[in-house]
Amino acid sequence: MRLPLAVVEAVRAVWPADKPLLVRISVSDNHPEGWQVADSVVFAKRLKALGVDAINCSSGGFDGAAIKSAASYQVPFAEAVRHGADIPTIAVGLIASPEEAEAIIVEGKADFIALARGALDDPNWAVHADHALGQADYALWPNQTRRVREFDRWLKRRSFAE
């Protein structure tokens, strides 16, 4: 842990205190003899003590590691670090639907959601999630996204009350 802790300490020394400092870690390398969740909890506590505001919880693997991708497969890592180190976490790992993302937050498994494949598949994922969760207020989005509503209407992705 010495190198990443030294890096965080150096960054914290120059990073403005009013801006969040986030760190992404591999909570587990998914090998029985490797880095474990308990190790990451200790690491996260040290990061928190250095002024890190939130931990982005991913995982890794190498030859001999057993990782099985499935919906929300890395969310338990975010939950374990959140509760074990008492620090906000960011959940990742095949979080596909807005309802699934919302449930993760509401159930206290993580404080934030990060997307990769979902955002690549739908660059307007956030506005579509807003719509799916009952907000559907395209007016809140900046002018650059004005056409999202038009595209959704043309592609018949969403229903609209006129």
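Residue positions are given per chain, counted from 1 along the sequence in the order it is written. Local features in this predicted model are restricted to residues of pLDDT 70 or higher, and side-chain atom pairs are both shown and tallied only at a pLDDT of 80 or more, whereas totals for entire chains, interfaces and linings draw on every residue. With hydrogens and water set aside, each side-chain value is computed from the structure's full complement of heavy atoms.

Participant: Tell me about the side chain of T89, and please be specific about residues and values.
Facilitator: Considering the arrangement of structural elements, one finds T89 in strand β3 (residues 89-91). With near-sequence residues (within four places) excluded, T89 lies in contact with I55, C57, A78, V81, R82, K109, A110, D111 and F112. Note on conventions: DSSP H or I runs of at least 4 residues are helices, E runs of at least 2 residues are strands, and numbering of each starts at the N terminus. Any two residues whose heavy atoms approach within 4.5 Å at even a single point are treated as in contact.

Participant: Give me helix α3 (residues 75-85): which residues, what numbers.
Facilitator: Type-normalised accessible area, obtained with a 1.4 Å probe on protein chains alone, sets the label of each residue: buried when under 20%, exposed when over 50%, and partly exposed for intermediate values. Residues of α3 that are buried include every one of V75, F77, A78, V81 and A85, and no others. Buried residues of α3, viewed axially, fall in a sector of 160 degrees; they line one side. Of the surrounding secondary structure, the elements contacted by the buried residues of α3 are α2 (37-49), β2 (54-58), β3 and α4 (98-106). Looking one or two places after α3, you find D86, whose phi comes out positive at around 55 degrees. Working note: the arc is built from the helix axis to C-beta atom directions.

Participant: Describe the nonpolar core, and please don't skip the residues or the numbers.
Facilitator: Judged by nonpolar contacts, the single largest core of 26 residues is most densely connected at L47, V52 and I55. Mapped onto this core, the elements with two or more residues apiece are α1 (2-14), β1 (22-26), α2, β2, α3, α4 and α6 (125-132). Of all the elements, α3 adds the most residues to this core, at 5 residues. Once residues within four sequence positions are removed from consideration, L47 is found in contact with L5, V8, V23, I25, V52 and I55. Grouping buried Ala, Val, Leu, Ile, Met, Phe, Trp, Tyr and Cys residues that are joined through side-chain atoms within 4.5 Å yields what is termed a nonpolar core.

Participant: Mind laying out the sheet that holds strand β4 (residues 112-113), listing which residues take part and the relevant values?
Facilitator: Each pair of strands is called paired provided DSSP finds at least two bridges between the two strands. A sheet is described by the order of its strands in space; here 4 strands give the open sequence β1-β2-β3-β4, paired in parallel fashion. Taken across any chain shown, the strands that pair with only one partner, and hence form the sheet edges, are β1 and β4. Two elements, β2 and β3, share 3 bridges in a ladder whose sense is parallel. Across the sheet, residue C57 finds its bridge partner in β3, namely A91. Contacts from α2 reach β1 and β2, with the element oriented near 165 degrees to β1. For every element, the axis is a line fit to its C-alpha atoms; helices are fit only across the contacting stretch, and the angle between N-to-C directions ranges from 0 to 180 degrees.

Participant: Summarise α1; cite the residues concerned and give the values.
Facilitator: Taking 1.5 Å per residue as the helical rise, α1 with its 13 residues ought to reach 18 Å, and the 19 Å between its terminal C-alpha atoms agrees with that figure. Where α1 is buried, its residues touch β1 and α2. The length a helix should cover is 1.5 Å for every residue beyond the first.

Participant: Break down the environment of V148 for me, citing the residues and quoting the values.
Facilitator: With respect to the helices and strands, the residue V148 is situated in helix α7 (residues 146-154). Judged by its relative accessible area of 6%, V148 is buried. Considered as a pair, V148 and P123 are 25 residues apart in the sequence and their alpha carbons are 9.9 Å apart.

Participant: Go over the packing of aromatic side chains with me, naming the residues and quoting the values.
Facilitator: The aromatic pairing rule takes the rings of Phe, Tyr and Trp, using the six-membered ring of Trp, and pairs them if the centres are within 6.5 Å, calling planes under 30 degrees apart stacked, those over 60 edge-to-face and the rest tilted. Overall, the coordinates contain 1 aromatic pair when judged by the stated rule. Between W35 and F43, the ring centres sit 6.3 Å apart and the planes meet at 90 degrees, which makes this aromatic pair edge-to-face. For W35, a relative accessible area of 29% corresponds to the partly exposed category.

Participant: Now, about the pairing of β1: what can you tell me, with residues and values included?
Facilitator: Burial along β1 is one-sided: V23 and I25 are buried, while L22, R24 and S26, pointing the other way, are not. With 5 bridges connecting them, β1 and β2 associate as parallel partners. Paired with V23 across the two strands is I55, which belongs to β2. Crossover connection from β1 via α2 to parallel β2: handedness right-handed. The definition of a right-handed crossover adopted here requires that, viewed with the strands pointing away, the path from the first strand over the helix to the second runs clockwise.

Participant: Before we move on, could you go through the packing of α4 against α6 and cite the residues and values that matter?
Facilitator: Pairs of packed helices are described in terms of their axes, by the angle between the two and the distance that separates them. Contact geometry of α4 with α6 gives a least axis separation of 9 Å together with a crossing angle of 80 degrees. The orientation of α4 with respect to α6, classified from their angle, is roughly perpendicular. Contacts between α4 and α6 involve P98, E99 and A101 on the former and, on the latter, W125, A129 and A132. Polar here means any residue outside two lists: the nonpolar Ala, Val, Leu, Ile, Met, Phe, Trp, Tyr, Cys and Pro, and the charged Asp, Glu, Lys and Arg; Gly therefore counts as polar. In terms of residue class, the contact of α4 with α6 is built from 5 nonpolar, no polar and 1 charged. Oblique is the label for every angle not falling under 35 degrees (roughly parallel), over 145 degrees (roughly antiparallel), or within 65 to 115 degrees (roughly perpendicular).

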